[in-house]
Amino acid sequence: MYKASFLLVVIGLSFCTARAQKAGPIPVLIVDGFSNHDWKQTTAVTKWILEESGRFKVDVSTIPVDSVERAGWSPVFAKYAVVIQNTNNIQNTRLKWPAQAERQLEEYVKGGGGLYILHSGNNAFPHWKEYNKMIGLGWRKSSEGYALEIDPSNNVIRIPPGEGQGTGHGDRFNALIQVLNPHPINKGYPSQWQTANTEVYYFPRGPAENLTVLSFAYDSTSTKRTWPVEWVVSYGAGRVYNSSLGHLWRGEFYPPAYRCVGYQTTVIRATEWLATGKVSYPVPAQFPTAKKQSLRAEDTFKSP
């Protein structure tokens, strides 16, 4: 049964990828339903960013609040080239995906699907062994996996479990993102660019297997050390993109972190890469530089 379902996932993904490349928008699914962040607005703005680019058609699957309905939640991931994970149970660990949905996501990514871990999505599900492998690094206790740090020579240092702290962050600030490894997502980016009102996670932890750090930033508001900001993970035949960028807290509306041209460009390019393995979306002329932010106007986004 497992082999048969895995084969169906592979066939479905091949069909979706071919359709996305030849016949219109790339199909994307955002999964939401619970988080300590403003998950409803995060989903709405992310859907708008992607669809405004003209390259994606985004559906949303909201996990039911009712526990009985939630137990039966079973989206068909194979219909989509990319799944964006926007759930987070850090403040209520009883909120979980149903076991069958966990297995379905594992099979989907192993079979070649693309998975985007959206900001606090990497805070979620420490109980889920394969999820930890898929995300590579997340918000975890000091005993739960390796932490990665960038040294002054831009080498990636592995900090063993039990050494250092658990994951956290200081105050938000306009972090200077520095490209570490060339990648289709960041091709054409300046080597350094300014974000707006960003969280830099210190001691991000996890299995850190089959992982490439794309960018990093100096944590000026807390540890005074340098930590990964974006990374990609190979999981089976699939691709995973994970990042601490994209914070949207309750009570905010389309905040600077989301109005940042660098962030919006990265969302689009990362999603395209997850779907196709390539990036054709251009780097806009107004992309931020090392010395200057670039924010879209507050009235650009209209809440649905």
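Attention in this report is confined to the structure presented alongside it. Remember, it's a predicted structure, so these values are computed and weren't measured experimentally. (Residues numbered from 1 in each chain as written. Predicted model: local features only at pLDDT ≥ 70, side-chain atom pairs only at ≥ 80, totals over all residues. Heavy atoms only, no water.)

Description of the overall build of the chain
For clarity, the cut-off: Helical segments are the DSSP runs of H or I of at least four residues, strand segments are the runs of E of at least two, and each set is numbered from the N terminus. Within these notes, the globule rule equals 2.2 Å times the number of residues to the 0.38 power, and the radius of gyration is based on C-alpha atoms. Exposure categories follow from relative accessible area, calculated using a 1.4 Å probe and restricted to protein chains: below 20% of the type maximum is buried, above 50% is exposed, and the middle band is partly exposed. Pairs of residues are marked as contacts when any of their non-hydrogen atoms sit within 4.5 Å. Accessible surface is estimated by sampling points in the Shrake-Rupley manner with a 1.4 Å probe; for residues, cover comes only from the protein chains shown.
A count of helices and strands for the chain gives seven helices and 14 strands. Taking 19 Å as the expected radius of gyration for a compact globule of 304 residues, we find that the chain reaches 18 Å, a close match to that expectation. Each principal axis of the C-alpha distribution contributes one length, and for the chain these read about 50 × 45 × 35 Å. Residue burial in the chain is summarised as follows: out of 304 residues, 54% are buried. If you take every contact in the chain between residues at least 6 apart in sequence, the share linking residues at least 24 apart comes to 73%. With an accessible surface of roughly 12900 Å², the chain has 53% of that area assigned to carbon and sulfur atoms.

Regarding the pattern of salt bridges
Filter applied, for reference: Salt bridges are identified by distance alone: a Lys or Arg side-chain nitrogen within 4 Å of an Asp or Glu carboxyl oxygen.
The final tally for this structure, using the stated rule, is nine salt bridges. A salt bridge links Glu52 to Arg296; its shortest N-O distance comes to 2.7 Å. In this pair, Glu52 sits in helix H2 (residues 39-52) while Arg296 sits in the segment after helix H7 (261-276), placing the two residues 244 residues apart along the sequence. Notably, a salt bridge pairs Glu102 with Arg103, separated by 3.2 Å at the nearest N-O pair. For Glu102, a relative accessible area of 7% translates into the label buried. By relative accessible area, which is 37% here, Arg103 ends up partly exposed.

Things to note about the environment of Val156
Looking at the element boundaries, Val156 is found in strand S6 (residues 156-159). Considered as a pair, Val156 and Leu180 are 24 residues apart in the sequence and their alpha carbons are 9.6 Å apart. Discounting chain neighbours no more than four positions away, the residues touching Val156 are Leu148, Glu149, Ile150, Leu180 and Val213.

Focus: the sheet that holds strand S5 (residues 146-150)
Operational definition: Strands are treated as partners if at least two bridges between them are detected by DSSP.
Pairing is antiparallel across the open sheet formed by three strands, whose spatial order is S6-S5-S11. In this open sheet, the two edge strands, each paired with only one partner strand, are S6 and strand S11 (205-206). Across two bridges, the pairing between S5 and S11 is antiparallel. By the bridge assignment, Tyr146 is partnered in S11 with Gly206.

Some details on the side chain of Asp219
What counts here: Note that His is not counted, nor are the chain ends; the positive residues are Lys and Arg, and the negative ones are Asp and Glu.
Note that Asp219 resides in the loop between strand S12 (211-218) and strand S13 (226-235). Despite its burial, Asp219 pairs with no opposite charge, the nearest such side chain being Lys224 at 7.2 Å. The residues contacting Asp219, other than those within four sequence positions of it, are Phe173, Val200, Tyr202, Lys224, Arg225 and Trp227.

Remarks on unusual backbone geometry
One non-glycine residue, Asn197, adopts positive backbone phi at about 50°. Mapped onto the elements, Asn197 comes out in the loop between strand S9 (192-194) and strand S10 (201-202). Taking the relative accessible area as the measure of exposure, Asn197 reaches 25% and is therefore partly exposed.

As for the nonpolar core
The condition is simple: Definition of nonpolar core: a set of buried residues of the types Ala, Val, Leu, Ile, Met, Phe, Trp, Tyr and Cys, connected through side-chain atoms within 4.5 Å.
Ranked by size, the top nonpolar core spans 47 residues in total, and within it Tyr116 and Tyr258 carry the most contacts. Looking at which element gives the most residues to this core, the answer is H7, with seven residues. Those residues within four positions of Tyr116 in sequence are excluded, and the remaining contacts are Val82, Val83, Ile84, Gln85, Tyr241, Val267, Ala270, Thr271 and Leu274.

A short note on H2
Residues three or four positions apart in an α-helix share a direction because the helix packs 3.6 residues into each turn. Our working rule: What a helix should span is 1.5 Å times the count of its residues minus one.
For H2, built from 14 residues, the straight-helix expectation of 20 Å at 1.5 Å per residue is met to within 8% by its first-to-last C-alpha distance of 20 Å. Within H2, ten of the 14 residues are buried, which leaves the element mostly enclosed by the surrounding structure. Among the residues of H2, Trp39, Gln41, Thr42, Thr43, Ala44, Val45, Thr46, Trp48, Ile49 and Leu50 are the ones counted as buried. Against strand S1 (26-32), strand S2 (56-62), strand S3 (82-85), helix H6 (256-259) and H7 lie the buried residues of H2. Looking one or two residues beyond H2, the residue adopting positive phi is Gly54, at roughly 80°.

What about helix H4 (residues 99-110)?
Taking 1.5 Å per residue as the helical rise, H4 with its twelve residues ought to reach 16 Å, and the 17 Å between its terminal C-alpha atoms agrees with that figure. Taken together, the buried positions of H4 are occupied by Ala101, Glu102, Leu105, Glu106, Glu107, Tyr108 and Val109. Looking one or two residues beyond H4, the residue adopting positive phi is Gly112, at roughly 120°.

Some points on the pairing of strand S4 (residues 114-117)
Moving residue by residue along a regular strand, the side chains alternate between the two faces of the sheet. Basically, it comes down to this: Place the viewer so that the strands point away; then a crossover is right-handed whenever the path from the first strand over the helix to the second strand goes clockwise.
Side chains of S4 alternate between two faces, with Gly114 and Tyr116 and Leu115 and Ile117 buried alike. Inspection of the sheet shows S3 paired to S4 by four bridges, in the parallel sense. By the bridge assignment, Val82 is partnered in S4 with Gly114. Between the parallel elements S3 and S4, the chain passes through H4 in a crossover that is right-handed. Sheet topology note: the S4/strand S14 (residues 238-243) ladder contains four bridges and is parallel. Looking across to S14, one finds that Gly114 is bridged to Arg239.

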